[in-house]
Amino acid sequence: MSAAGLGPPAPPAPPARAEHAREGAPATARPTDAVRVEHGQANVGGNAVWSDVDIAIAAGEFAAILGPNGSGKTTLLRVLLGELSLAHGSATVLGAPPGARKGEIGYLPQRRHFGAGTRIRGIDLVRLGLDGARWGLPLRRSNPARVDEVVALVGATAYARRPIGLLSGGEQQRLLIAQALVGDPKLLILDEPLDSLDLPNQSAVAALLARICREREVTVLLVAHDVNPLLSYLDRVVYFGARRAVVGEPRAVITAPTLSRLYGSPVEVLETADGRLVVVGLPEAPAHHSDRHAHH
Ligand SMILES: Nc1ncnc2c1ncn2[C@@H]1O[C@H](COP(=O)(O)OP(=O)(O)OP(=O)(O)O)[C@@H](O)[C@H]1O
Ligand SMILES: [Mg+2]
């Protein structure tokens, strides 16, 4: 008798990552989804920014939100944070309605930087993520060991005690990531964290976020303009355009046929010898962007 016939049947294998939410397919309910949007439509100022959007991001995945200016990337984050209700469809974040589990989300808003006059030290900024924003506790209730730990995690120990206004953009960004991380979130949401960083710093911050995602099992959702610094780390991309989105693995979504279908016009994707993707012919902001300004 062969060994295969003995003992209880093996449990079903967990689905491979590649099987999650194929591009174009509706998001299917899975208990491990960190973020789920089904047939979502978001309206801003009376216009649909996007509609028919289906997104499923599994717990522990590293996902990027891409698309031109005005395509609705920040709008998606506002929906997930519970700041904007969907006009149609439904969304869950960490298995609950948006906003319900806000204490388990670390959030870094778009375009934050500090002028040279900002006197607060990096380490105090990180501590605010623990005391101020989260529970409204006074500073004396802080946990200095936890603050030092995340400062070390982002590689900012050497300069964390200097006034933040005197630090470089890349150094400030690391401290802001530490602030978003200090409360030990399950989901980290970052709006263009690579914005205004030079290429070496973009790569370094991308690698840092990938490491946090893998080692700390934090789901990372970040908005980016250039996918290339992230490409080797990403499990999933959400690509917005023409008031729609496509979702899938990066090299399945960022192709000429998929993006051309999304935009309804020819888009080319070139791959350089070193594996970088260059999207050519992308229409800029959606039509209603200019419609809206035409009223003024
Ligand atoms: N308060 C508002 N009132 C009216 N329209 C708005 C408002 N906020 C945003 N919008 C519009 O909603 C659309 C989506 O904006 P959103 O900020 O989500 O885009 P985005 O993809 O994050 O762009 P960017 O890459 O420039 O950050 C844009 O057309 C924008 O002009
Ligand atoms: Mg934005």
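Criteria and thresholds
- Residues numbered from 1 in each chain as written.
- Chains lettered and ligands numbered in written order.
- Predicted model: local features only at pLDDT ≥ 70, side-chain atom pairs only at ≥ 80, totals over all residues.
- Near = placed C-beta within 6 Å.
- Helix = DSSP H or I, 4+ residues; strand = E, 2+ residues; numbered from the N terminus.
- Nonpolar A, V, L, I, M, F, W, Y, C, P; charged D, E, K, R; others polar.
- Buried ≥ 20, exposed ≤ 12 C-beta atoms within 10 Å, placed from the backbone.
- Arc of directions from axis to C-beta.
- Core = buried A, V, L, I, M, F, W, Y, C linked by C-beta atoms within 7 Å.
- Domains from an automatic or database assignment.
- Contact = placed C-beta atoms within 7 Å.
- Pairing = 2+ DSSP bridges.
- Expected span 1.5 Å × (residues − 1).
- pLDDT = per-residue confidence, 0-100.
- Axes fitted to C-alpha atoms, helices over the stretch in contact; angles between N-to-C directions.

### Considering the site of ligand 1
Around ligand 1, the structure places 13 residues, and the nearest of them are Gly45, Asn69, Lys73, Thr74 and Thr75. Residue contributions to the shell around ligand 1 peak at three residues, all from helix α1 (residues 73-80). Class assignment of the residues belonging to the shell around ligand 1 gives a composition of two nonpolar, ten polar and one charged.

### What to know about the environment of Ser85
Relative to the elements of secondary structure, Ser85 occurs in the loop between α1 and β4 (88-93). Its 13 C-beta neighbours within 10 Å are what place Ser85 among the partly exposed residues. The spacing of Ser85 and Gln41 is 44 residues in sequence and 9.2 Å in space, taken between C-alpha atoms.

### Notes on helix α3 (residues 144-153)
Of all the positions in α3, only Val147, Val150 and Val151 are classed as buried. Buried residues along α3 cover an arc of 105 degrees about the axis, so they all sit on one side. The outward face of α3, more than 90 degrees from its buried face, is lined by the exposed residues Ala145 and Ala152. Note on α3: the residue one or two positions beyond its end, Gly155, has a positive phi of about 75 degrees.

### Re unusual backbone geometry
At Glu217, a position not held by glycine, the phi torsion is positive, near 55 degrees. Examined against the element boundaries, Glu217 turns out to sit in the loop between α5 (199-216) and β7 (219-223). Judged by the 10 C-beta atoms lying within 10 Å of it, Glu217 falls in the exposed class.

### A closer look at the nonpolar core
The biggest cluster of nonpolar side chains holds 75 residues, and the ones touching the most others in it are Ala178 and Val220. There are two domains that each give this core at least three residues, and those are domain 1 (25-92 + 187-197 + 217-296) and domain 2 (113-184). Excluding its chain neighbours within four sequence positions, the residues that come into contact with Ala178 are Val126, Val150, Val151, Val154 and Ala156.

### Side note on the pairing of strand β1 (residues 33-44)
Of the pairings in the sheet, the one linking β1 to strand β2 (residues 47-58) comprises eight bridges and is antiparallel in character. Opposite Val37, over in β2, you have Ile55 as the bridge partner. Between β1 and β2, which pair antiparallel one after the other, the connecting turn spans two residues, and Gly45 there sits at a positive phi close to 55 degrees. Of the pairings in the sheet, the one linking β1 to β4 comprises five bridges and is antiparallel in character. Within β4, the position partnered with Gln41 by the bridge is His88.

### Considerations on α5
The first and last C-alpha atoms of α5 sit 25 Å apart over 18 residues, in line with the 26 Å expected at 1.5 Å per residue. If you check which residues of α5 are buried, you get Gln202, Val205, Ala206, Leu209, Ile212 and Cys213. Across the axial projection of α5, the buried residues extend over an arc of 120 degrees, all falling on one side. The exposed residues of α5 that point more than 90 degrees off its buried face are Pro200 and Glu215. Next to the buried residues of α5 lie β3 (62-66), α4 (169-181) and β7.

### Describing the confidence of the model for the protein chain
Averaged over the protein chain, the pLDDT score is 84; the fraction of residues at 70 or greater is 81%. Note that residues 13-26 has pLDDT below 50 and, in this model, 19 contacts with residues that lie over four places away or in other chains. When the criterion is pLDDT under 50, residues 134-140 qualifies, and its contacts beyond four places in sequence or with other chains add up to seven contacts.

### Some details on the sheet that holds β4
In space, the three strands of this open sheet follow the order β2-β1-β4, with antiparallel pairing throughout. Two strands bound the open sheet, and with one partner strand each, they are β2 and β4. Across the sheet, the axes of successive neighbouring strands diverge by a mean angle of 20 degrees, strand direction being ignored. In this fold α1 packs onto β1, β2 and β4, with an angle of close to 115 degrees to the strand it touches most, β1.

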